[in-house]
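The primary structure of each chain is shown beneath.
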Amino acid sequence: MNFKCRLFVTACCLSFLFLVGCFETEPYKDPSKDIDERVEDLLKRMSVEQKLLLLQGDGMSTVGIQSLGIPPLNCSDGPFGAHRGAAITSFPCGNSLGASWDTALIADVSAAIGREAKAKDIQCLLGPGINIIRHPLCGRNFEYYSEDPFLSACLGVSFTKGLQGEKVAATLKHYAVNNQEFYRNSLDVIVDERTLQEIYLPAFRDAVILGDAWSVMSAYNMVNGVHCSENKHLLTEILKEDWGFRGFVMPDWAGAHSTLASANNGLDCVVYDSDLFGRPLADAFSRGEISETQITGMARRVLRVIFLTGLMDPLPAADENIINCPEHRKLNRKAAAEGIVLLKNENNVLPFSPEKVKSLAVIGPNAAKLRMGGGGSSYNSKVFYQISPLDGIVSAAGNKIKVSFAQGVGLADTLVPVGAEFLRPSNKSRGTKGLWAEYYNNKDLQGKPIVSQLDTTIDFVWETGPKIYLSDSEKNRIDTLSEKSELIGADNFSVRWTGTITPPKTGFYDFVTHSDDGVRLYVNGEILIDQWYSHDKEFRYGTIELEEGIAYSVKLEYYEEIGGATMRLGWFYHDPEKIEEAVRLAKISDAVVICAGIDKFWEAEGADRSNFDLPLVQNRLIEEVAKVNSNVVVVLNNGGPLNLRPWIKEVPGLVEAWFNGNEGGNAVADILFGVQNPSGKLPFSYVQSAVEFPPAFDNYLNRDKTAEYKEGVFVGYRYHDKYETGIMFPFGFGLSYTTFEYSGLKIERVSENQFAIHFSVKNTGNFDGAEIAQLYVSELNPTVERPIKELKGFEKIFIPKNESRSFMISVDPRQFSFFDPQ
Ligand code: BGC
């Protein structure tokens with residue numbers, strides 16, 4: 001052994017002895033010891049001040065305590081990639097994953113997300129989102145899996161296990177009953193106990209009990225009069241006592257409202273930067289209002305997660321090469337394809353083959369642009385690459401099929417303010433470009449205006465405070481207006497802008513408002529946008545056909561009630577020549593793919609969608625194209641359901657692709673060309689209008705900010721079954737390129753209350769493919785009113801053509817039960 005080697009061996013022995021020495025005195029540092037033992041040992045060494053430090057984060061991490069070797073626990077949104085910091089793989093969104101009904105796949109996806117998170121020094125993912133899809137227009141439907149508690153639960157458990165298998169904490173959100181974005185910070189959901197337990201909690205329950213989730217995020221809303229972040233029934237009685245949850249509860253961002261009430265009722269740690277825990281909690285302790293035992297209990301929960309994620313152990317070097325590695329790219333494409341649902345395939349228009357299709361026209365706003373995700377905190381804005389449907393189709397078509405592209409119509413995906421040069425005020429005394437504004441010091445446009453003046457563009461973000469501030473584009477007039485606006489105040493005012501608008505070109509215009517609060521827009525006497533109620537910042541859209549050079553009357557009315565005030569008016573132009581170009585292309589092509597739908601601007605956290613309609617010019621595009629080509633396949637990107645009625649009968653093919661990650665376009669092409677046989681099934685009922693599920697709309701805009709879930713347990717298909725609404729595409733629906741035949745149903749009683757349901761499924765068609773068998777339970781003579789059927793089991797198996805596979809679904813007593821509040 002040479003000198004260097006001897007030196008190295010001696011150094012290793014010394015470090016080993018040192019570590020052994022440390023472990024003897026500080027067992028919490030010993031990775032071979034049981035985690036609970038290590039946590040208790042560490043707690044004994046901590047002062048109450050140090051414990052308190054663990055309970056107040058600094059934005060996206062908990063606070064580290066260097067002297068004890070406790071690093072910060074770094075969190076990241078999620079859930080479809082840990083996107084804090086550098087670029088990652090962007091996996092498909094919630095209801096795309098939901099539509100795969102594939103528990104193994106979802107565990108693989110979350111494990112990949114976990115590995116990428118770890119490589120970025122992130123130990124806690126803010127997800128999965130496992131709320132029930134109740135309101136068809138909820139702005140976050142795309143984040144959630146399903147309307148069904150059983151399906152949501154199975155997928156939530158898988159996601160949790162896959163992620164935590166990589167030692168990254170899952171944060172189940174948003175606990176609980178967070179099913180709409182409207183009034184999301186203050187909404188009070190009135191829901192009875194049976195409905196809570198049967199519909200809204202099972203996914204959380206299973207992810208805690210079966211998935212052993214390490215963290216839970218309380219929701220913004222209230223449940224039965226109490227904010228979720230201080231709701232004893234939800235956090236303490238159910239989550240911690242009934243389910244035995246041992247991780248920690250954090251509130252949603254800015255979702256905590258108190259210090260003591262939160263701490264006493266089950267909130268453990270506020271990760272975002274807030275002034276509710278930290279100092280106030282320390283003060284409460286020194287006043288004797290909260291005991292050290294309780295603070296220790298809260299710190300124990302946080303510490304346990306820190307240990308579970310391996311943060312207290314020597315960390316292996318982060319492997320950054322894992323991010324966007326070929327395996328993750330492949331998995332991402334597979335996941336996106338497994339979630340695609342084939343909704344219509346008349347005359348076997350799909351899959352396309354070079355024998356049938358020599359020329360393919362690709363059309364639509366979502367063809368050349370990939371719609372990876374919905375908007376808000378879940379959006380993965382930094383990715384390595386994006387495969388649009390057009391990219392995917394071009395590479396799948398190879399040189400056997402000629403692919404041509406014409407966008408036809410675009411999609412307004414940002415707000416472009418209407419320029420002053422197109423506007424003429426109704427009163428020209430102060431200039432000729434812009435609209436005449438009348439400011440009222442009440443929110444009903446009553447009495448005489450306090451200020452009347454010319455506003456060039458309507459692009460205002462006024463902040464709370466005694467004065468009204470103008471946006472950047474109006475800064476040159478800030479002094480004049482802010483003096484006058486003192487007479488108006490920051491809240492409780494209204495404005496009417498009037499004049500004309502002269503479009504530079506003939507065609508369709510989408511007018512877009514972004515307002516907080518109420519707004520009404522009239523163009524040429526027609527009301528295009530009507531949102532005359534108080535709300536957070538929300539976008540609304542209205543489409544109208546206008547002719548070049550004609551001055552159309554414009555009236556825009558706005559009111560501000562309280563808080564931040566925003567009023568922006570934008571527009572987006574659709575050139576009719578572009579639609580004609582697309583129609584011409586469709587006419588000379590063997591088949592057409594129209595990539596339609598919405599994007600993260602239209603469906604996003606923070607606001608609900610305004611209606612079910614596709615941005616209207618898209619309907620016109622589809623209708624016109626369908627008139628000239630009989631092989632039209634519409635591919636949709638969206639989270640919640642869209643109104644397909646205007647053209648569904650006119651097109652033979654319809655593919656629901658959701659928002660499906662940065663490999664989305666390849667996945668779409670895999671389905672269109674039959675590289676993959678579609679097997680996805682709808683994870684929610686595809687309603688087309690508010691009348692199909694009235695309970696969600698009945699008391700939606702209540703001024704008292706309550707939403708009473710009067711339908712009880714009859715949510716989604718449970719409602720449609722009961723009222724026979726004749727829904728176009730029901731829950732669980734999805735076509736395949738092949739056919740399956742079921743036989744040999746046998747119900748085996750495994751034990752007193754345990755059943756095994758056996759059957760065979762044969763692939764009787766011409767394509768290999770997977771089938772998702774669904775098992776529903778129904779009580780024959782119920783003592784309480786129960787749904788006609790309830791999903792209680794499913795299995796997805798790949799079956800080559802002409803072959804059969806045996807399915808077995810087991811059912812335990814819980815699947816037959818209902819919740820009796822008594
Ligand atoms: C969202 C959460 C998210 C958090 C942190 C909140 O507004 O509701 O889902 O995890 O922000 O970004």
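Residues numbered from 1 in each chain as written. Predicted model: local features only at pLDDT ≥ 70, side-chain atom pairs only at ≥ 80, totals over all residues. Heavy atoms only, no water.

Draft legend 1. Seen up close, the overall build of the protein chain. Looking only at helices and strands, the protein chain features 20 helices and 31 strands. Over its C-alpha atoms the protein chain spans a radius of gyration of 29 Å, differing by no more than 12% from the 28 Å that the globule rule assigns to 822 residues. Dimensions of the protein chain, computed from the C-alpha atoms along their principal axes, are close to 85 × 75 × 75 Å. Across the 822 residues of the protein chain, 61% fall into the buried class. Here the contacts in the protein chain between residues at least 6 apart in sequence split such that 75% fall between residues at least 24 apart. Summed over all atoms, the accessible surface of the protein chain reaches about 31600 Å², with 51% contributed by carbon and sulfur. For the protein chain, the distance from the average position of its 82 positive side-chain charges to the average position of its 106 negative side-chain charges is 3 Å. (Helix = DSSP H or I, 4+ residues; strand = E, 2+ residues; numbered from the N terminus. Rg over C-alpha atoms; globule rule 2.2 N^0.38 Å. Buried < 20%, exposed > 50% of the residue type's maximum accessible area, 1.4 Å probe, protein only. Contact = heavy atoms within 4.5 Å. Areas by Shrake-Rupley, 256 points an atom, 1.4 Å probe, with all protein chains shown as cover. Lys, Arg positive; Asp, Glu negative; His and termini not counted. Charge placed at Lys NZ, Arg CZ, Asp CG, Glu CD.)

Draft legend 2. Up close: the sheet that holds strand β4 (residues 188–190). Strand order in this open sheet of four strands is β7-β6-β4-β26, and the pairing throughout is mixed. A single partner strand is all that each edge strand has here, and the edge strands are β7 (226–227) and β26 (706–708). Of the pairings in the sheet, the one linking β4 to β26 comprises three bridges and is parallel in character. Within the sheet, the bridge partner assigned to V189 lies in β26 and is A707. (Pairing = 2+ DSSP bridges.)

Draft legend 3. Geometry of the pairing of strand β17 (residues 507–516). Counting buried positions along β17 gives 10 out of 10 residues, so the element sits mostly inside the fold. Here β17 pairs with strand β20 (residues 538–546) via nine bridges, running antiparallel. In the sheet register, F508 faces β20, and the bridge partner there is E545. Pairing geometry for β17 and strand β22 (residues 565–574), over nine bridges, is antiparallel. The residue bridging F511 from the neighbouring strand is W571, located in β22.

Draft legend 4. Molecular detail of the sheet that holds strand β11 (residues 402–406). Ordered in space as β9-β25-β24-β23-β10-β11, the six strands form an open sheet in which the pairing is mixed. Unpaired on one side and paired on the other, β9 (341–345) and β11 mark the two borders of the sheet. Sheet twist, expressed as the average angle between the axes of neighbouring strands with direction ignored, equals 20°. The pairing of strand β24 (residues 632–637) with strand β25 (residues 653–656) spans four bridges and is classified as parallel. What sits directly across from V635, in β25, is V655. Across the sheet, helix α14 (residues 389–397) touches β10 (359–363), β11 and β23 (591–597), and the angle it forms with β11 is around 165°. Packing against the sheet, helix α17 (residues 616–628) makes contact with β10, β23 and β24, and its axis sits at approximately 170° to β23. (Axes fitted to C-alpha atoms, helices over the stretch in contact; angles between N-to-C directions.)

Draft legend 5. Region of the structure containing the nonpolar core. Counting residues in hydrophobic clusters, the biggest one holds 164 residues, and the most contacted among them are L55, I70, Y175, I594 and V634. Counting residues per element, this core draws most heavily on helix α12 (residues 292–308), which supplies nine residues. Those residues in contact with I594, other than ones at most four positions away along the chain, are I363, L621, I622, V625, V632, V633, V634 and V635. (Core = buried A, V, L, I, M, F, W, Y, C linked by side-chain atoms within 4.5 Å.)

Draft legend 6. Summary view of the site of the ligand. Taken together, 13 residues form the shell around the ligand, and within it D77, R140, H174, Y220 and D252 come nearest. At 2.9 Å, a side-chain N or O of K173 approaches an oxygen atom of the ligand. A distance of 2.7 Å separates an oxygen atom of the ligand from a polar atom in the side chain of Y220. Contact with the protein chains covers 91% of the free accessible surface of the ligand, which is 310 Å². Its residues assigned to classes, the shell around the ligand comprises five nonpolar, two polar and six charged. (Near = heavy atom within 4 Å. Polar contact = N/O pair within 3.5 Å; in protein donor to acceptor, adjacent residues only side chain to side chain. Nonpolar A, V, L, I, M, F, W, Y, C, P; charged D, E, K, R; others polar.)

Draft legend 7. Quick look at the pairing of β10. Burial of β10 is extensive: five of the five residues sit out of reach of the surface. For the crossover from β10 across α14 to β11, the handedness is right-handed. Here four bridges tie β10 to β23, and the two strands are oriented parallel to one another. By the bridge assignment for β23, V362 is matched with V593. (Right-handed = clockwise from strand over helix to strand, strands pointing away.)

Draft legend 8. Spotlight on the side chain of Q56. For Q56, the position within the fold is in the loop between α3 (48–53) and β1 (75–76). Judged by its relative accessible area of 11%, Q56 is buried. In this structure the side chain of Q56 is engaged in a polar contact, spanning 3.4 Å, whose partner is the backbone oxygen of V270. Residues within four places of Q56 in sequence aside, it is in contact with V63, V270, Y272, D273, S274, F277 and G278.

Draft legend 9. Structural context of the pattern of salt bridges. A full pass over the atoms with the stated rule returns 44 salt bridges. Here E605 makes a salt bridge to R184, at a shortest N to O gap of 3.0 Å. Of the two residues, E605 is situated in the loop between β23 and α17 and R184 in the loop between β3 (169–175) and β4; the sequence distance between them amounts to 421 residues. Because the salt bridges share partners, they merge into one network encompassing R140, E143, E181, R184 and E605. (Salt bridge = Lys/Arg side-chain N within 4 Å of Asp/Glu carboxyl O.)

Draft legend 10. Unusual backbone geometry, seen in detail. A cis amide bond links D77 to the next residue, G78, at an omega of -15°. Among the structural elements, G78 can be located in the loop between β1 and α4 (94–100). G78 connects to P79 through a cis peptide bond whose omega is 0°. Mapped onto the elements of the fold, P79 is located in the loop between β1 and α4.

Draft legend 11. Quick peek at the side chain of T513. As for its placement among the helices and strands, T513 is situated in strand β17. Exposure remark for T513: the relative accessible area of 0% places this residue in the buried category. Discounting chain neighbours no more than four positions away, the residues touching T513 are L415, V519, I529, E538, F539, R540, L556, M567, R568 and L569.

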